[in-house]
Amino acid sequence: MYRLPSAVTTRAATPGGLAWGCGRRTAHYRARLPPLGPGWVGGLGLGLGLALGVKLAGGLRGATPAPSPTAPDPEVSPQVETPPPKEQPLAPWSPQTPTPPTSRLYARAIDSSRDLLHRIKDEVGAPGIVVGVSVDGKEIWSEGLGYADVENRVPCKPETVMRIASISKSLTMVALAKLWEAGKLDLDIPVQHYVPEFPEKEYEGEKVSVTTRLLISHLSGIRHYEKDMKKVKEEKAYKALKIMKEIEADQEKELKEKGGKSNERNDFAKAKTEQDEAKGRNSKPGKKKNDFEQGELYLKEKFENSIESLRLFKNDPLFFKPGSQFLYSTFGYTLLAAIVERASGYKFLDYMQKIFHDLDMLTTVQEENEPVIYNRARFYVYNKKRRLVNTPYVDNSYKWAGGGFLSTVGDLLKFGNAMLYGYQVGLFKNSNENLLPGYLKPETMVMIWTPVPNTEMSWDKEGKYAMAWGVVEKKQTYGSCRKQRHYASHTGGAVGASSVLLILPEELDADSLCNKVPPRGIVVSIICNMQSVGLNSTALKIALEFDKERSDIP
């Protein structure tokens with residue numbers, strides 16, 4: 001609906017009020033015209049005023065008529081001076097640019113996803129959260145809720161820059177993959193070939209090898225922030241027992257369904273006895289500190305390069321034999337950064353900036369305190385009294401590769417679509433030979449998104465860790481029941497920040513490739529300036545909302 005400013009419409013509708021010009025209040029009602037005095041100058045002035053009034057009245061014929069005093073239009077602002085803006089509440093909705101035509105097709109998905117984000121934001125008390133969604137490579141929706149800076153009342157917006165935490169691992173994987181494709185990096189030789197500063201390791205008196213491939217999938221045995229090996233091993237043993245009990249329970253349920261009720265009592269008694277024995281042998285471990293209670297997470301020391309950062313952990317013993325167990329380790333990625341430097345011949349950050357440039361990720365940078373980074377958010381946590389406070393200063397130079405980058409939802413969408421394009425482009429080559437190659441080769445992306453044995457995906461128990469990505473595979477056990485979709489994601493948790501990047505590929509077959517080009521699927525990125533906020537399930541729900549909406553579009 002086209003509207004003119006309220007003052008204009010009011011004056012235009014006022015009888016006799018058609019003569020004013022150039023934004024000045026020089027209109028005169030005919031009944032109130034002052035004497036013009038002798039001479040032709042006054043007459044000329046009156047004529048010009050009337051002519052301008054007639055011209056303006058003609059231009060207003062197509063405009064929306066002003067409401068009458070007895071029938072006010074609820075969509076038009078009242079004709080009074082605009083009052084000063086009131087102080088906004090802690091969690092405002094940040095209005096964005098007018099919705100483009102493509103976004104209108106997904107209005108229902110956007111509304112439901114926005115409501116979901118408001119719920120999550122309110123539940124955890126997050127100051128601000130930003131979301132971005134793309135469909136088939138096109139950004140459909142991006143929006144900020146709440147505040148990027150609470151103290152200065154700076155609202156979140158799509159351009160807000162936040163810590164992306166462990167999504168940095170997925171970015172580092174691109175560097176490793178490019179070097180591997182170029183033949184400059186062997187994933188399966190000992191890391192000492194590239195970084196002799198990292199000492200050779202033994203486990204229980206046996207000499208073992210740590211390789212790049214094992215580091216990528218967190219199978220190297222290198223510790224995370226927890227230094228107490230006993231606590232880590234107790235926790236791993238307890239989790240393994242818990243999983244074993246769940247598997248046994250599922251198997252027993254299936255046997256009951258097949259064997260009938262005749263063996264039901266015997267099976268139940270047997271299972272109960274085994275569980276009691278296991279419970280006696282394996283008591284619940286003592287409470288282990290979470291990552292945000294570990295001192296190393298709050299390091300303030302500046303490290304000049306990745307080699308220097310190795311001194312934090314290089315002399316510590318391995319917690320497990322390499323390849324035997326999964327132990328998530330950000331320090332493992334610090335070693336990977338050193339490998340990138342040696343294999344590429346460039347400083348790690350210089351090499352990553354080249355990759356960001358190629359991917360058009362222009363707002364993605366390493367986090368440093370000194371540079372002025374426009375739209376950078378502040379980061380928050382709740383203290384023991386449940387009051388919102390600023391997080392302490394930290395220096396992430398010791399873990400650039402594992403959790404030290406800043407970015408926006410828009411840049412993360414670009415990154416996700418570049419990965420999805422490389423994953424799918426091989427399928428489309430036969431139907432469209434003019435397609436450009438992906439940033440990574442299809443076989444490389446298949447390798448990266450293939451789940452690795454003996455790994456875990458902590459943010460979705462249905463999945464496994466692959467190569468710097470968590471992957472859930474397609475699965476459906478029963479007809480007309482829950483269907484598990486194939487997707488890849490990585491979450492992040494840092495001091496005062498949480499994040500997720502999730503990619504839901506379209507389910508393609510030979511018949512569906514015609515008249516389509518990659519990437520095909522939904523990419524969702526969410527960043528938040530509050531720590532310990534689980535966002536993966538929210539991102540998956542949003543992706544499925546948009547996928548459903550897309551399937552309903554003719």
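Note that the coordinates shown come from a computational prediction; the quantities given were computed from them, not determined experimentally.

A. Up close: the sheet that holds strand β11 (residues 464–465). Pairing is antiparallel in the open sheet, where eight strands are placed in the order β3-β2-β1-β15-β14-β13-β12-β11. Either end of the sheet is taken by a strand with one partner, and the two such strands are β3 (154–155) and β11. Two strands pair when backbone bridges link them, and strand β13 (residues 487–494) and strand β14 (residues 497–505) are joined in this way by seven bridges, in the antiparallel orientation. Its bridge partner being in β14, H490 is matched across the sheet by L501. Relative to strand β2 (residues 138–149), helix α4 (residues 107–124) is tilted by about 25°, and along the sheet it contacts β1 (128–135), β2 and β15 (521–528). Contacting β11, β13 and β14, helix α5 (residues 167–181) runs over the sheet at an angle of about 125° to β13.

B. Spatial organisation of the sheet that holds strand β7 (residues 365–366). Strand order in the open sheet formed by three strands is β4-β10-β7, with antiparallel pairing between adjacent strands. Two strands close off the open sheet at either side, each with one partner strand: β4 (162–163) and β7. For β4 and strand β10 (residues 405–407), the ladder comprises two bridges, and the chain directions are antiparallel. Bridge pairing in β10 links R163 to L406. Sheet strands touched by helix α11 (residues 348–358): β7 and β10. Its angle to β10, the strand with the most contacts, is close to 20°.

C. Structural detail: the pattern of salt bridges. A complete count under the given rule lists 30 salt bridges for this structure. For D358, the salt bridge goes to K354, with nearest N and O atoms at 3.3 Å. With D358 and K354 both in helix α11 and four residues apart, this pair spans about one turn of that helix. Looking at D358, the relative accessible area reads 38%, which means it is partly exposed. Here K354 falls in the partly exposed class, since its relative accessible area comes to 49%.

D. The side chain of R520, seen in detail. Mapped onto the elements of the fold, R520 is located in the loop between β14 and β15. We classify R520 as buried; its relative accessible area is 15%. Here D136 takes part through its side chain, which lies 3.2 Å from a polar atom of the side chain of R520. A polar contact of 2.9 Å, which involves the side chain of R520, links it to the side chain of E506. Not counting residues up to four positions away in its chain, the partners in contact with R520 are D136, L420, Q424, F428, P505, E506, L508 and R550.

Thresholds, definitions, all that
Residues numbered from 1 in each chain as written. Predicted model: local features only at pLDDT ≥ 70, side-chain atom pairs only at ≥ 80, totals over all residues. Heavy atoms only, no water. Pairing = 2+ DSSP bridges. Helix = DSSP H or I, 4+ residues; strand = E, 2+ residues; numbered from the N terminus. Contact = heavy atoms within 4.5 Å. Axes fitted to C-alpha atoms, helices over the stretch in contact; angles between N-to-C directions. Salt bridge = Lys/Arg side-chain N within 4 Å of Asp/Glu carboxyl O. Buried < 20%, exposed > 50% of the residue type's maximum accessible area, 1.4 Å probe, protein only. Polar contact = N/O pair within 3.5 Å; in protein donor to acceptor, adjacent residues only side chain to side chain.

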